[in-house]
Each structure stands twice: as structure tokens, then as C-alpha cells.
Amino acid sequence: MVSDKEQLRDISSMGLKTVIAELPPASAGLCLTANVCKKITSQLIGAMGKQDDVSVQLEALDILSDMLGRCVSTLVSFHQSILTSLLPQLTSPRMAVRKRAIMALGHLVPSCSPALFTQLAEHLMKELSRGSPGANTRTYIQCLTTITRQGGHRVGEHLEKIIPMMVKFCNVEDDELRENCFQAFEAFVRRCPKEMSPHISMVIKLCLKYITHDPNYNYDAEEDQEDSMDLENGEDEDQESDDEYSDDDDMSWKVRRSSVKCLEAVISCRRDLLVDLYGSVCPALVSRFKEREENVKSDIFLAFVALVRQTKPPHGSALDAGAKEEPAVTLLKKQVPTVIKALHKQLKEKSMKSRQGCFSILTEMANVLPGALGEHIPNLIPGIVYSLTDKSTSSNMKIDALAFLHVLLSSHTPEVFHPHIKVILPPVIHCVEDPFYKITSEALQVTQQMVKMMRPLEKRSSFDAKPYVKDVFSSTLKRLKAADIDQEVKERAISCMGHIVSHLGDQLGGDLQPTLQIFLERLKNEITRLTAVKTLTLVAGSPLKIDLRPILMEGIPILGSFLRKNQRALKLNTLTALNIIVTNYSDSILPEVLHLFFQALVLTKASNTGYSDLMKALTGPFYKAKSSESMSVHRQSYYSVAKCVAALSSACPKESSGTVNNLIQEVKNQRTSESVRILSFLCLGEMGRTTNLGGHKELKTVIMEAFSSPNEEVKFAASCTLGNICVGNLEEYLPFLLKEIGGQPKRQYLLLHSLKEVISALSAENLKPHVENIWTLLFKNCECAEEGTRNVVSECLGKLTLVNPSQLLSRLKKQLSSGSSLARSTVVTAVKFTIVDHPVPIDTLLKECIGDFLKAIQDPDLNVRRVALVMFNSAAHNKPGLIRGLLTAVLPKLYSETQIRKDLIREVEMGPFKHTVDDGLDVRKAAFECMYTLLDSCLDCLDIFEFLNHVEEGLKDHYDIRMLTFIMLARLASLSPAAVVQRLERLVEPLRATCTTKVKAGSVKQEFEKQEELRRSAMRAVAALLSISEVEKSPIMADFVNQIRMNAEMATIFESVQGDPISGAVESMDTS
């Protein structure tokens, strides 16, 4: 390779590159790789020193880069000498040498030692501080950018010195140098978010200054001429200007592009600055939509898309009813007219890249602001039609235009589209007939949405859809009949035709029945059956009352066969379909369906379906169950069958009285098996819910006796029954229930359960007259010593508060200051039950005062602190909007509860042994559970580095908490990889400790199982960390993975948690 002959050099360097590319990865544990690399390295370093022959240098740098990229961790002993030989290459007169040296340094950075990294960083800073701008300065900045991208978190500590130098270079009149500065800023923003915080406003200011940097072009003149200028004229002018000035010398576009990319990085990484960005960055981006350079324009569009995307309210806050609109959303709405004005002309430009950029912005805006583009649709339609009909339009262009049209149709009301259907429908129909399956598929989706628009079923519309029915129907039918097309097109054609039948079925005339027959064919096909079931559900539910009888006779048995298939989605959709068919077509097919259900569920072959036969078919399996296994039939079946029995009784009122007497006898008879007693109780309850059972006087006694049964399931069934009967006969049973709760302390738990059933089932109107009595009674029992009873009291209080929130919530708040810690814990738990996952009237009131209830996180009593954390967790999970605004105040309290407190750990003597008890464990566990929930619902409000401090502590805590923090670590690896990489060294040690800990030889079986589960969980976290490309290059991680691989037991666990052999798992990571 170092010979003078060029051919020999080329052949030998290609050979070396091939050898390095084919070496097994260092992580496979073979010594071969390490030995080969070590042999070559010193010779390569020698070859690089050959200043006289550049081609040898280039080959040596290339091979060294490849080698560092693949096996950097095996060359630790050479790192210092590699660095020493690479640094001089940065001043080489040849640009290619400088570039390859930078690449090699980039590969070296992730796994070099901190001392070596500091040496490199200080060398670069020293050279930059000399301050003479030139080719070398550009090289040093490029090198800094590369090492920031590769091992960015380490650059963070040097930023205070680096940033002022960069700002100084931005003011030098050298466009390439400016471009390099902005690329460096972008890398800093993405890789060192925390350290960049103080400098962000200055970076934004610089970007905004240089985003308009175009000294050789006058945009104002272009705007003045735009209206007056003729097209032929324009061509002549272009030729003239070409002679005067060549664009090849103009580098200013590179500055504009790099500054826009830097802005995009700021927008993507700093959602907390969103409102400020709308003030400064948004208008600047919109004003630059006129950019003349296509590459720059597409980056401007991407930056604006990132801004709109960040504006989308975070996951969870959409659930909060009555929540104020986020300020950023309001600011975006104000920008809509300006954006449309800037884009709508560009939608008709020749450049496809520009049009695709416009569509990506508009699609994102339609998603984030449903309905906001309504008044601008007349301006957008010509552009969409142009992109669908223009002969030169590419497939991707059409797909983008159709995707935007679909989002636009889905997010706006039908009325705004009615005037434009005439113009927009023909090109869409034309796309349905396109030979390329992806275009067809998108076009069918758009057609389906347009059918819904033409004739919305929710409200009456004055629009006349008749002229369009034939075109829409025939084009969709062609695709529906075709058997040799793509699966996606098949499914969308079925779905689209389903919408045509369900919205316009009464205008199809003779075409309707043949189309329904095709649906039947698709129902018989395994590949299309799920889509066909969904479509049948849609058609059966249509208010047009489409005549399905011709296909139901054959279709119902097919649907019945699906109930026996082992495919959950198919079963669920089939049940929905049958439910709607029975509701809307019961006159023609009810006997069929009943027969089918009993075949599917009870497996009886009886075709006569009288009252007593049905009753026997329903309850038969419970009589067959042996008394010893009262729950041999699935628990849910008891409740479902009880509901069926009640429904049958209400359909045959003459029979119901006899049934009630029979059920009472079954319950009273001590010889009856447990399963039959449980079912009989539940049947009585369900029947009592809808009919007044006041005539059966012995019922109360029978239920109260069952409360003494030795079988817990029977007791619980009796408790449910009492509640349900009370719902159907409030006047008689509610006073009885309240009296019993007061007078029977031993049965209080079961009686309170009955009361909970009553409160859950009754509407607010029915409950209001009784609220005071129930409220008083509950507060008498809120200090009960038994936690189970207190929990039921809390649930009753919470559900009762939902009946009249304006009065009762404030009364709950008053109870917070009561002296007893038990009462406080009951009140805080009651608040948890007022937080439900759908919008309710209490939400706005709760948002105002939830802060007062959260103060309980600092309560002196341990249990109150725990239930306050559980309540906070429930709010964060179901209604994050309630607590988002309070996080700055609550998080420090939450984090302080994750600390181990020595004063809560005590020793208990158990015979000859001493046992340690940690009273603070439950509170810590609750705190870590809250942290896990916040990762999902409020990630944007967390300081990830502070969060990671406490995750680190959790990794060394008790078994339960370690299990939780391992899962959190795996989540964080995908949500905030950059932050995890910065903390990697501190995270790996606890993982290593868990994986290498051995259980003492004489321990019980549970200890071994616990340790095994901990190891598996830790290994999952390791696998998740390795999915971040930089992690594997870290020396500490490479060492740990090596250790796992060398230990057969650990290697087996690691393989099993990721489903790949260990070598493959690590090899498949990105090692570029």
C-alpha cells in the first residue's frame, strides 16, 4: 500500500477495506478482530505521516476511519497515538485529507477517554481562538461540529468558551465560514440542550438575521413586477440576466439554508419556547416562503412544519373538557391567512419540490387546527386540481395532494366543500383509475370522505348528490370487482363502496343488490373478511334502511362461524355487526341469530326457543359445575348470563314472578352448589334493577343471611344484589340499607359495597333527594380502622360528589383540615374517584382546587402522603390538564418522596432472626409510579436531567422500585436518547450491579425467582439502551456488554429478552 506504483496501492487498499468490512464485530467476542486491527493500526499511523504522497495519506485515513467506525473499542491502547497523528492532518493543504481526518476523529470520539476528549477539545479551541479566519478555521469548526454530533454531551462543558468565538466568526464576510458556524450551532442545540439554554436567544437572533442574507437579489423588485410582467417577457429577461451575473459564485444560499436548519433544531428541541417562537421566528419563516433557491425553500417549509407540529396539544390534554385553548394554537390561527396567501400561488408552480413542501405545511395545519382552513378552501382547490391533473406530475406529488385533500375533507364541515365538489371530484375519480396502486388507494380514501360530504347522515343537507352518484359508483365498483389488485386497494374499495351504499344506497336502484352480493363474496374470503364485516356494520347501521334481507340469510351463518375463530378483532367486529343487524332487521332474522348465539355460546342444538328452553340453555352450565369449583365457569359469564336472564324476564313479564320465586328458593336451599347460588343472586339483582321486587318480603332476610356465608364469592354476589334491588325500589330499600350500615359494624364492608352499586347506577336526578342522608352516613364511617372499608367509603364519596360538584367538592375540601389522618386519607382518595377519563362537569371546578388536595403530598402522616400520590397519578394518567399547570410546585415535593429515609427503617425480631422493615417503601413506590405516568402524559413539562437524577437513585432501591425504574429507563431511551447518553456512565453501574449480584446459597425459592426477574428486567433496559446508536460506542457500555457475553448465564438471559442471539443483537445496532 505504501509502494510507489498506483495500481498496487489501489488493489492493496481495496483488499484491506474488504478485510475490515468482513471482520466479525468486536462484540462477537472473537480475538481475531482485535488482533487484526492492532496489527494494522500502527502501520496506518506510519502511512499517514507520509507528507510527500497525498494518495497514500488519503487511503490510510480512509481505512483508519472504516476501522474506527467498526471496532473503535478494541483499539483503546492506540487512541492517544491515533489522536496525535490525526491532529496535524487538520492543517493539510489538501481539502480531501482534512475531511477524512475529521471523519476519523468523529469515529474516535464516542469511545475515547474523558482526558483524551478534553485534549482534542482544547486543541480545537486553542486553534480557533487565534481568530484568523481562513480555510483552517473552517476545518476546525467542521471538526467541532462532527465531534458534537458523535459525542455531543461531552462538548457541553466547553460551550461557554466556544460560543463567543462562533458568534465572532459569524460577523466575518465569508459565507462558507458562516455556514460552518450555523452547522455547529445546530449540533450544539440538538446535542447539548441543557448547556445551550443560556445561549438560545442569541442563536435565534443570529439565525433570523442570516435567514434573509441574499445580497445579490432584490425580492421587492420581483414582487412589483409580478403583476405587470408578461410570460414571454420573463423568458427574455432571464437570458439577459444570465449574461450579466452568474449564480455559481453566490454562496449566500448556503448561509440561509444552514441558519434555517439551525432554527428547525431550536423549534424541535425547545417546545417550552413555543409562544416566543411564534412572536419572532414564525413571521420570519412565512416571509421567506418566497425564497428563490429551491433547496433552501424546502428547508424553510420543513422548519415551519416542525413549528406547526410542536403546536399540536400534547397527548392527553385533548381530553380535558373546558380547557382553555393553548396560547400557541391561538397564535397559529392568527397566522393562517398570511400562510395561505404566501402558499396558494406556489401550489400552481412548475416546481414539484415546492408544491410538495406546500402540501406538507397545509396537511400539518389541517391536522393541528381542524376547521381553520374552511374559508380559504376556494384558494386551495385550484392548486390541488393542478397537482392531480398536470401531465408532468410525479406519483409522489399526486399521493401528497390526495393525502392533503383527505385530511382537509376529514377536518372540515361538509358545507364548505359543497360548492367545489363539481371541480374536485373528476380528478379524484381519474386517480381511482390510476394504474399505480398507491395512488388508487389514496384516491379511494378521498372518494370515501367525499361521499360522506355529499350527503352527511348526521344532519339534513340541501346539496344534491344525484349528478355524481353514477361516476363515484362505477369507478369504485371497477376496483371492488378486481381480484388481481393490491391488498390495500381491495380493503379500501370495500370500505369506500360501503360508504357509498350507506350514504347514497337509495339512489343506486338496480345496482344495489349485485353490490351487496359482492360484499357477501368478500365476507367468505379470509383476506378481506374483517374489512367486509366492518363495512356490513356500516351499511346495517345506515338511516337509509338499506334492504339487506337477500344477503342476511346466507350472511348470518358466516358471521356466526367467525365467533368461533381465534381472532380477537374479527370476533369483536362480528359481535358489533350482529348487534346492529339485530337492532335494525330483527323482524326478518331474529330466530336465526338467537339460534346461532346459543350454538356459539352454549353449544345446544335446540331449535325451539321458548322461555323455559332459553332459560335452561342459559343457566345449564352452572348447574353442571361441581360445587367444589364454584368459579369453574369464567367469572364474567355469571354477570353476562344474569343480564340475559333479566332481559328475558322483562320480555316475558308473566313468567318473571315465578322465576323470582324459583331463584329465591335456589338461594335459600343450603344444598344448592355455590355456583348456582352465586348466579341466582346475580340474576335476582339484575331483575330487581329494572322491576320492583317489593312484593317478595323474604328477600331482605335471605340476602342478609347470605352475608354470613363462609364463601366470599357468595357474600359479594349478595352485596351486589342488594345494591341492584335498591336501584329498582329506592323508597323501600335505601332507608333499609342506610339503617343496616349504621347498625351492623361487622357487615359494614359488604353493605357499603351495596351502597356503591346504588350510587354508580342511579342518575343525578334520582340521587339528589337522598344525597344529604348518604353524605352524613359516609362521613360517620370515614375514620374506620379497616383500610378496605375506608376505600369503599372514599369511592362512594367521590361518586356522590359528581352528582352535585359545586356544593360537595367544597365540603370535601373543608374536611381536609380535620384532625384525623384517617379522615384526610379518605377525603384525598375520594378526590381520586372524581377524576374519570372522559369530560365531566366537575373538571373545571377540580382544576381550580386540586392544588389544595395535592398539598397532602407533604402531610405528616405516611398513609395520607401515599394516597395523595396515588390521586396525583390518577390525575396525570386520566386528565393531565388538571395538573400540568401545578407541576413546577408539585415536582420538588414528588421527587423528595423518592428518597430513602433512614428514620422509617426499623428492625423487627422474629424469633432468632432480625428482619428489616421499611415503612417508607409504599410511599416511594407511589412516587416512582407517578414519575412513570408523567413520562407519558407530561414529558414536555419535565426537566429530564433532574428526572434522571431520581431514576438513578431508584436503580439502587428496593426490588419493586428497581423493577419500575428499569422500565422507565427503557422508555427514556426512546423518548430522550440524548439525555440518557449524557448520563450513561452513572446509569450503567447500577445495571451491572443488578446483573452480577448472586443470591446467597441457602435462600428460599422466592429470592432466586425475584433476582432472576430483576436480572431479566435490567437486561431489557440494557437492550433498550443499546438501541441508541451512540451507547454501544461508549467504552463503559462496551465493557459491560463484553462482561454479559462472557458469562454464559447472563448471555442466555440477554438473548431471551431480545429474541436475537447476543452477537446479532449488538451487531444490528447502527455502527456507522
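If you check an unreviewed UniProt entry, the protein appears there as Cullin-associated and neddylation-dissociated 2 (putative) from Pygocentrus nattereri. Annotation of the protein in UniProt includes, under Sequence similarities (unreviewed entry), the sentence "Belongs to the CAND family."

Across its full length, the protein carries 53 helices and two strands. With respect to the three principal axes, the spread of C-alpha positions in the protein is 110 × 90 × 55 Å. Looking at the protein residue by residue over its 1072 residues, the buried ones come to 51%. When the accessible surface of the protein is split by element, carbon and sulfur atoms take 52% of a total near 48,800 Å². If the 125 positive side-chain charges of the protein are averaged to one point and the 131 negative ones to another, these points end up 7 Å apart.

With 16 residues, helix α6 (residues 114-129) extends 22 Å from end C-alpha to end C-alpha; this agrees with the ideal 22 Å at 1.5 Å per step. Among all positions in α6, only Leu-116, Phe-117, Leu-120, Ala-121, Leu-124, Met-125, Glu-127 and Leu-128 are buried. Of the surrounding elements, those touching the buried residues of α6 are α4 (79-86), α5 (95-108), α7 (135-151) and α8 (159-170).

Under the UniProt annotation, the feature "domain: TATA-binding protein interacting (TIP20)" (unreviewed entry) is placed at residues 882-1044. For residues 882-1044, helix accounts for 65% and strand for 7%, while the C-alpha atoms at its two ends are 45 Å apart.

Here we take up helix α2 (residues 31-48). For α2, built from 18 residues, the straight-helix expectation of 26 Å at 1.5 Å per residue is met to within 8% by its first-to-last C-alpha distance of 26 Å. Along α2, the largest kink reaches about 25° and is centred on Thr-41. Listed as buried for α2 are Thr-33, Ala-34, Cys-37, Ile-40, Thr-41, Leu-44, Ile-45, Ala-47 and Met-48. For α2, the elements touching its buried residues are α1 (6-22), α3 (54-71) and α4.

Attention shifts here to unusual backbone geometry. Its identity as a non-glycine residue notwithstanding, Lys-545 has a phi of 50°, on the positive side. Counting through the fold element by element, Lys-545 comes out in the loop between α26 (529-540) and α27 (549-562).

Axis separation between helix α34 (residues 712-728) and helix α35 (residues 730-743) bottoms out at 6 Å; the angle between their running directions is 140°. Looking at the two axes, α34 sits oblique to α35. At the point where α34 passes α35, the crossing takes the left-handed sense. In this structure, α34 contributes Leu-722, Ile-725, Cys-726, Val-727 and Gly-728 to the contact, and α35 contributes Leu-730, Tyr-733, Leu-734, Phe-736 and Leu-737. A per-class count over the contact of α34 with α35 returns nine nonpolar, one polar and no charged.

Both strand β1 (residues 905-910) and strand β2 (residues 913-918) contribute to a ladder of six bridges, which runs antiparallel. Bridge pairing in β2 links Arg-906 to Val-917. Counted between consecutive antiparallel strands, the loop separating β1 from β2 contains two residues, among which Gly-911 sits at a positive phi close to 65°.

Mapped onto the elements, Arg-790 comes out in helix α39 (residues 787-801). The buried charged residue Arg-790 lacks any salt bridge, with Glu-787 as its nearest oppositely charged partner at 4.8 Å. Ignoring sequence-local partners within four residues, the contact set of Arg-790 consists of Cys-782, Cys-784, Ala-785, Leu-822, Ser-825, Thr-826 and Asn-863.

In this section: the state of the cysteines. Evaluation of the coordinates by the stated rule reveals zero disulfides. The thiol sulfur of Cys-181 is not disulfide-bonded, and the nearest other cysteine sulfur, from Cys-170, lies at 4.3 Å. Residue Cys-207 stays outside any disulfide, its sulfur separated by 3.6 Å from that of Cys-262, the closest cysteine.

Summarising the element assignment, Gly-560 is placed in helix α27. Residue Gly-560 is classed as buried on the basis of its relative accessible area of 3%. Between the C-alpha atom of Gly-560 and that of Leu-578, which follows or precedes it by 18 residues, the distance is 8.8 Å.

This paragraph deals with the packing of α2 against α3. The relative placement of two packed helices comes down to the angle between their axes together with the axis-to-axis distance. The geometry of α2 relative to α3 is characterised by a closest axis approach of 10 Å and an angle of 150° between their N-to-C directions. One way to sum up the angle between α2 and α3 is to call them roughly antiparallel. α3 is crossed by α2, and the crossing has left-handed handedness. Contacts from Thr-33, Cys-37, Ile-40, Thr-41, Leu-44, Ala-47 and Met-48 in α2 reach Val-56, Gln-57, Ala-60, Leu-61, Ile-63, Leu-64, Met-67 and Cys-71 in α3. In the contact of α2 with α3, the residues fall into 12 nonpolar, three polar and no charged.

What follows deals with the nonpolar core. Counting 185 residues, the largest nonpolar core has Met-166, Phe-185, Phe-188 and Phe-304 as its most contacted members. For Met-166, the contacting residues outside a window of four places in its chain are Leu-128, Ile-141, Leu-144, Cys-181, Ala-184, Phe-185 and Phe-188. Counting residues in hydrophobic clusters, the runner-up holds 152 residues, among them Leu-767, Val-792, Ile-850 and Leu-934.

Let us look at the packing of aromatic side chains. The final tally for this structure, using the stated rule, is nine aromatic pairs. Ring geometry for Phe-182 against Tyr-210: centres 5.8 Å apart, planes inclined by 65°, an arrangement best described as edge-to-face. On the criterion of sequence distance, the pair formed by Phe-182 in helix α9 (residues 175-191) and Tyr-210 in helix α11 (residues 200-210) is long-range, its members being 28 residues apart. Its relative accessible area of 0% is what places Phe-182 among the buried residues. One aromatic cluster is present, formed by Phe-182, Phe-185 and Tyr-210 through successive ring pairs. Taking NZ or CZ as reference, Lys-700 lies 5.0 Å from the ring centre of Phe-736, over its face. Against the face of Tyr-959 rests Lys-1010, its NZ or CZ located 5.0 Å from the ring centre.

Tracing the sequence through the fold places Met-1019 in helix α50 (residues 1005-1026). Note on Met-1019: relative accessible area 0%, which makes it buried. Sequence-wise, Met-1019 and Ile-63 are 956 residues apart; in three dimensions their C-alpha atoms are separated by 34 Å. Setting aside its immediate chain neighbours within four residues, Met-1019 contacts Cys-995, Ile-1044, Met-1050, Ile-1053, Phe-1054 and Val-1057.

The full count for this structure, using the stated rule, is 51 salt bridges. Note that Glu-686 is salt-bridged to Lys-643, the shortest N-O span being 3.8 Å. Residue Glu-686 is found in helix α32 (residues 674-690), and its partner Lys-643 is found in helix α30 (residues 635-651); the two are separated by 43 residues along the sequence. Using a relative accessible area of 12% as the deciding quantity, one classes Glu-686 as buried. One network of salt bridges, in which partners are shared, links Asp-214, Arg-256, Arg-288, Glu-291 and Arg-292.

Here we take up the confidence of the model for the protein. Looking at the protein as a whole, the pLDDT averages 84, with 90% of positions reaching at least 70. In this model residues 601-608 is a low-confidence stretch, pLDDT under 50, and it forms 11 contacts with partners more than four residues away in sequence or in other chains. Within the model, pLDDT remains below 50 along residues 1060-1072, and this stretch shows 23 contacts once partners closer than five positions in the same chain are excluded.

Structurally, the position occupied by Ser-542 is in the loop between α26 and α27. In contact with Ser-542, not counting residues within four places along its chain, are Leu-457 and Ser-502.

Here we take up the environment of Val-296. Position of Val-296 relative to the elements: it lies in helix α16 (residues 294-311). According to the relative accessible area criterion, Val-296 is buried, its value standing at 0%. As a C-alpha pair, Val-296 and Arg-257 span 39 residues in sequence and 5.0 Å in three-dimensional space. In this view, Val-296 contacts Trp-253, Arg-256, Arg-257 and Glu-291; residues no more than four positions away in its chain are not counted.

Parameters and conventions
Residues numbered from 1 in each chain as written. Predicted model: local features only at pLDDT ≥ 70, side-chain atom pairs only at ≥ 80, totals over all residues. Heavy atoms only, no water. UniProt positions renumbered as here; feature names shortened; annotations may be inferred. Helix = DSSP H or I, 4+ residues; strand = E, 2+ residues; numbered from the N terminus. Buried < 20%, exposed > 50% of the residue type's maximum accessible area, 1.4 Å probe, protein only. Areas by Shrake-Rupley, 256 points an atom, 1.4 Å probe, with all protein chains shown as cover. Lys, Arg positive; Asp, Glu negative; His and termini not counted. Charge placed at Lys NZ, Arg CZ, Asp CG, Glu CD. Expected span 1.5 Å × (residues − 1). Contact = heavy atoms within 4.5 Å. Bend = angle between axes of the 7 residues up to and from the residue. Axes fitted to C-alpha atoms, helices over the stretch in contact; angles between N-to-C directions. Parallel < 35°, antiparallel > 145°, perpendicular 65-115°, else oblique. Left-handed = near helix turned anticlockwise from the far one by under 90°. Nonpolar A, V, L, I, M, F, W, Y, C, P; charged D, E, K, R; others polar. Pairing = 2+ DSSP bridges. Salt bridge = Lys/Arg side-chain N within 4 Å of Asp/Glu carboxyl O. Disulfide = S-S within 2.5 Å. Core = buried A, V, L, I, M, F, W, Y, C linked by side-chain atoms within 4.5 Å. Phe/Tyr/Trp six-rings, centres within 6.5 Å; stacked < 30°, edge-to-face > 60°. Lys NZ or Arg CZ within 6 Å of the ring centre and 35° of its normal. pLDDT = per-residue confidence, 0-100.

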